[in-house]
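Notes for the structure review
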Amino acid sequence: MAKIYIPDGKGNYIPFPVLKGDKGDKGDKGQDGADVEFAIIEGFLCYRYPENEWVQIISVEDITGPKGDTGTVFVPSVDADGNISWSNNADLENPETVNIKGQQGEKGETGEKGEQGIQGENGADGYTPIKGTDYFTPEEIENITSSLETTLKQYIDEQISQLQQTPEVTDPNENPVTPEETNPNENTENTEEGSE
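Residues numbered from 1 in each chain as written. Predicted model: local features only at pLDDT ≥ 70, side-chain atom pairs only at ≥ 80, totals over all residues. Heavy atoms only, no water.

Let's talk about the sheet that holds strand 7 (residues 83-88)
The condition that has to hold: DSSP bridges decide pairing: two strands pair if at least two such bridges lie between them. Each helix is a run of DSSP H or I of at least 4 residues and each strand a run of E of at least 2, with the numbering of both proceeding from the N terminus.
One open sheet holds the three strands; their spatial order is 6-7-8, and the pairing between them is antiparallel. Only two strands of the sheet have a single partner each, and these edge strands are strand 6 (74-78) and strand 8 (98-99). Alignment of strand 7 against strand 8, held across two bridges, turns out to be antiparallel. Bridged to I84 within strand 8 is V98.

See the structure below:
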């Protein structure tokens, strides 16, 4: 129980004597308290009981402090070798660069073979070239035929010319002679005339 102080006329306060009576009977149960709703409306913190009007409590500006300075942000960066370095937006000294790359782990076990994939759809039919449109125009075919005919004729003429050339015959004295000089029939006739 709170104490009550009263002035004593001398500038001091003294406890007021409180007489404590007998304990009274227990009172009846009070009604349940109503829920209170809070909201910020038109820049004011407001409250209301259900189905009642909103009541302004205080302006939001009066309970909102000034905007603080932008804080320093340190941004980490890790390179491919595992070295972590830092940068910041306040030109402050950055922490030292350290390597955070761990040791290489052991090789894992080979995984199970995956299931056979679904067969893909058949591809579209290929394009069949059109003769006379996609290859060899009539003019090209005529030129190819003419070239082949010319080449073949030259080859045949060369072969015939080589066959018609008279081969040289060499006698024992290594002097080239013509076939007429070595005709066996003529030699035989000359021999017979000499015998007679």
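Having put the structure on the table, let's press on.
Describing the pattern of salt bridges
Counted only if it meets this: A pair is scored as a salt bridge if a Lys or Arg side-chain nitrogen falls within 4 Å of a carboxyl oxygen belonging to Asp or Glu. For every residue, the accessible area obtained with a 1.4 Å probe (protein chains only) is divided by the maximum for its type, and the residue is called buried under 20%, exposed over 50%, and partly exposed between those limits.
Scanning all chains against the criterion turns up two salt bridges. Linking E37 and R48 is a salt bridge whose minimum nitrogen-to-oxygen distance equals 3.0 Å. Taken together, the positions of E37 in strand 3 (residues 37-41) and R48 in strand 4 (residues 44-48) put the pair 11 residues apart, joining distant regions of the chain. The partner of K153 in a salt bridge is D157, with the nearest N and O atoms 3.2 Å apart. Of the two residues, K153 and D157 are both situated in helix 2 (residues 138-164); the distance of four residues between them amounts to about one turn of the helix. With relative accessibility at 52%, the residue K153 sits in the exposed group.

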